[in-house]
Amino acid sequence: HTYFACSIECYVVALLYIDRAIKRHPRLVTDSQSVHRLALCGLMLAAKFQDDIFYANAFYAKVGGLTVKELNSLEVTMLRMLD
């Protein structure tokens, strides 16, 4: 919560997104690397949906230790998984 600067509700929405993605794509493999990316992307999408004020992808990428290009790609992939 300290670094991501989103509302408490975002954590619940992010968990719902992650749960929905896993249920819709049961062959989705999670490991120590992918779960980090899944959580980051879920929180970012939740913040964009839930909060009135959210940050640019560059901020979220820096917090998560990813490149902006990788985070952008993850965002598109997760949105397609949830569609």
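Below or above, wherever it landed, is the structure these notes cover. (Residues numbered from 1 in each chain as written. Predicted model: local features only at pLDDT ≥ 70, side-chain atom pairs only at ≥ 80, totals over all residues. Heavy atoms only, no water.)

Notes on the environment of Leu 38
Checked against the element boundaries, Leu 38 lands in helix 2 (residues 32-50). Using a relative accessible area of 12% as the deciding quantity, one classes Leu 38 as buried. As a C-alpha pair, Leu 38 and Glu 75 span 37 residues in sequence and 9.5 Å in three-dimensional space. With residues up to four places along the chain from it excluded, the contact list for Leu 38 reads Ile 18, Ile 22, Leu 28, Thr 30 and Met 78. (Helix = DSSP H or I, 4+ residues; strand = E, 2+ residues; numbered from the N terminus. Buried < 20%, exposed > 50% of the residue type's maximum accessible area, 1.4 Å probe, protein only. Contact = heavy atoms within 4.5 Å.)

A short note on the nonpolar core
Within the largest apolar cluster, 23 residues are counted, with the highest numbers of intra-cluster contacts made by Phe 4, Tyr 17, Leu 71 and Met 78. Listed by contribution, the elements that provide at least two residues to this core are helix 1 (8-24), helix 2, helix 3 (57-64) and helix 4 (68-82). Element by element, the count of residues in this core is highest for helix 2, at eight residues. Residues within four places of Met 78 in sequence aside, it is in contact with Tyr 17, Ile 18, Leu 38, Cys 41, Gly 42 and Leu 45. (Core = buried A, V, L, I, M, F, W, Y, C linked by side-chain atoms within 4.5 Å.)

Here we look at helix 4
Across its 15 residues, helix 4 extends 21 Å between first and last C-alpha, which sits within 8% of the 21 Å expected from 1.5 Å per residue. Those residues of helix 4 lying buried are Leu 71, Glu 75, Met 78, Met 81 and Leu 82. Projected down its long axis, helix 4 carries its buried residues within an arc of 130°, all on one side. Opposite the buried face of helix 4, at more than 90 degrees from it, the exposed residues are Lys 69 and Arg 80. Those residues of helix 4 hidden inside the fold are in contact with helix 1, helix 2 and helix 3. (Expected span 1.5 Å × (residues − 1). Arc of directions from axis to C-beta.)

Remarks on unusual backbone geometry
The phi angle at Ala 5 is positive, at roughly 55°, despite the residue not being glycine. Note that Ala 5 resides in the segment before helix 1. Judged by relative accessible area, Ala 5 falls into the partly exposed class, the value being 37%.

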